Amino acid sequence: MSAPAISGGTSLFTGFTRLCKGLAVVLVAGHIVVQTLPFTVNYLALIPARTIPFAWNLITAGYIEQTIYGVVANTLCLLVMGKLLEPVWGSKEFLKFIFIVNILTSVCVFITAITLYYITTKETYLYMPVSGFQGVVSGFLVGMKQIIPDQELSVLRIKAKWFPSIMLLLSIAASFFTEESAKYLPTLVFGTYTSWIYLRYLQRKPETKLRGDPSDDFTFSSFFPDFLRPAIDPIASIFHRLLCGRTQVPGDAEGYALGGTALPGSDPIEASRRRERGARALEERLAAEKLAAARSMEELKKDAPEDNV
């Protein structure tokens, strides 16, 4: 059964969760702080040369928006995508996902900046303040790819499974025309990759005691067009074994194994059920929002004649 398109209109911008609203307040407050007290950027944003001893900026950088465009765009993305993901994952797992993706992205950006400095000897990489929630937002796109891959955005008719790929493609293309692409592009790339690593191998489901998502629809090559996958799969499998130490188990024990022992989360059926739950949760939420909107319209229509009288 094909999933319905994500409807636009008022339902898209209503029904935000309390946790997402709280996180939105944090983003707005962080922006206000750095605009009111500019010197705080040196302590809150990720500046590789100052990360030691200011190691806390590996955490705080993700919640500091230096531009008004960044705070508006990322806050809206948090609210809209959060209300789709949080009901499926649960508030605790949703918050855990944000924390893990944020800090892993910051660590990867820090290592990349230090490496680029040693390669190019340009001090710009050491003292350029990097911050913003875009790394986690790119992770949200990966989450939508996982749980509602065939859902379509009603306006553009693009399936959710292509959202991360299109975002990265556009970001890379834009980097050729912007001077400060190093401030956002690594964050987007690492946010996408670390979130995929977490969801693919590490995310736990307490109700089933399973871990990860080994389905073929969520492989690394699934981020690329079909004609590129035969060339990407062999390379991805090498890194899969080197970085994760896992190999696929043939036959009925399909999934991931470590040292010959099957890992929890190696059940493709559970991965399929997870996507079904995601699509069902989304449909129920959208239906509830449409019903609430319809009731509001009816109440307004009833009140209108009384006001005229």
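Residues numbered from 1 in each chain as written. Predicted model: local features only at pLDDT ≥ 70, side-chain atom pairs only at ≥ 80, totals over all residues. Heavy atoms only, no water.

> Before we move on, could you go through the overall build of the protein and cite the residues and values that matter?
Assigned secondary structure in the protein consists of 11 helices and 7 strands. Within the protein, the proportion of its 309 residues that are buried is 43%. The long-range share in the protein, meaning contacts at least 24 apart out of those at least 6 apart in sequence, stands at 70%. In the structure as shown, the protein presents an accessible area of about 16800 Å², 66% of it carried by carbon and sulfur atoms. (Helix = DSSP H or I, 4+ residues; strand = E, 2+ residues; numbered from the N terminus. Buried < 20%, exposed > 50% of the residue type's maximum accessible area, 1.4 Å probe, protein only. Contact = heavy atoms within 4.5 Å. Areas by Shrake-Rupley, 256 points an atom, 1.4 Å probe, with all protein chains shown as cover.)

> If you had to explain the layout of surface pockets to someone new, which residues and values would you point to?
Estimated volume of the largest pocket: approximately 930 Å³. For the lining of the largest pocket, the secondary-structure elements that each account for two or more residues are helix H4 (68-89), helix H7 (134-147) and helix H8 (163-175). The dominant element in the lining of the largest pocket, judged by the number of residues it contributes, is H4, at 8 residues. A class-by-class count of the residues in the lining of the largest pocket yields 23 nonpolar, 9 polar and 3 charged. (1 Å grid on protein atoms, 1.4 Å probe; cavity = no way out; pocket = protein on both sides within 12 Å on 5 of 7 lines; lining within 4 Å. Points joined across faces, edges and corners; volume = space filled by probe spheres on them. Nonpolar A, V, L, I, M, F, W, Y, C, P; charged D, E, K, R; others polar.)

> Give a description of the nonpolar core that names residues and reports values.
Core analysis: the biggest nonpolar cluster contains 38 residues, and Leu78, Trp89, Phe94, Ile98, Phe133 and Phe140 have the highest contact counts within it. Those elements giving two or more residues to this core turn out to be helix H1 (18-36), H4, helix H5 (91-120), H7, H8 and helix H9 (185-202). Looking at this core element by element, the count peaks at 8 residues for H4. Filtering out sequence-adjacent residues up to four positions away, phenylalanine 140 remains in contact with Leu78, Met81, Leu85, Phe94, Phe97, Ile98 and Phe133. Counting residues in each nonpolar core, the second largest holds 8 residues, with Leu46, Val109, Met128 and Phe190 among its members. (Core = buried A, V, L, I, M, F, W, Y, C linked by side-chain atoms within 4.5 Å.)

> Give me the UniProt feature "transmembrane region" (unreviewed entry) in the protein: which residues, what numbers.
On the UniProt side, "transmembrane region" (unreviewed entry) is annotated at positions that read residues 23-47, 67-85 and 97-119 here. A helix fraction of 72% and a strand fraction of 0% characterise residues 23-47, whose end C-alpha atoms lie 23 Å from each other. In residues 97-119, helix accounts for 100% and strand for 0%; the two terminal C-alpha atoms are 33 Å from one another. (UniProt positions renumbered as here; feature names shortened; annotations may be inferred.)

> Give a detailed account of the packing of H4 against H5, specifying residues and quantitative values.
Axis separation between H4 and H5 bottoms out at 7 Å; the angle between their running directions is 125 degrees. In terms of orientation, H4 and H5 fall into the oblique class. Read as a crossing pair, H4 and H5 show a hand that is right-handed. Of the residues in H5, those in contact with Leu78, Gly82, Leu85, Glu86 and Trp89 of H4 are Ser91, Glu93, Phe94 and Phe97. For the contact of H4 with H5, the class distribution of residues is 5 nonpolar, 2 polar and 2 charged. (Axes fitted to C-alpha atoms, helices over the stretch in contact; angles between N-to-C directions. Parallel < 35°, antiparallel > 145°, perpendicular 65-115°, else oblique. Left-handed = near helix turned anticlockwise from the far one by under 90°.)

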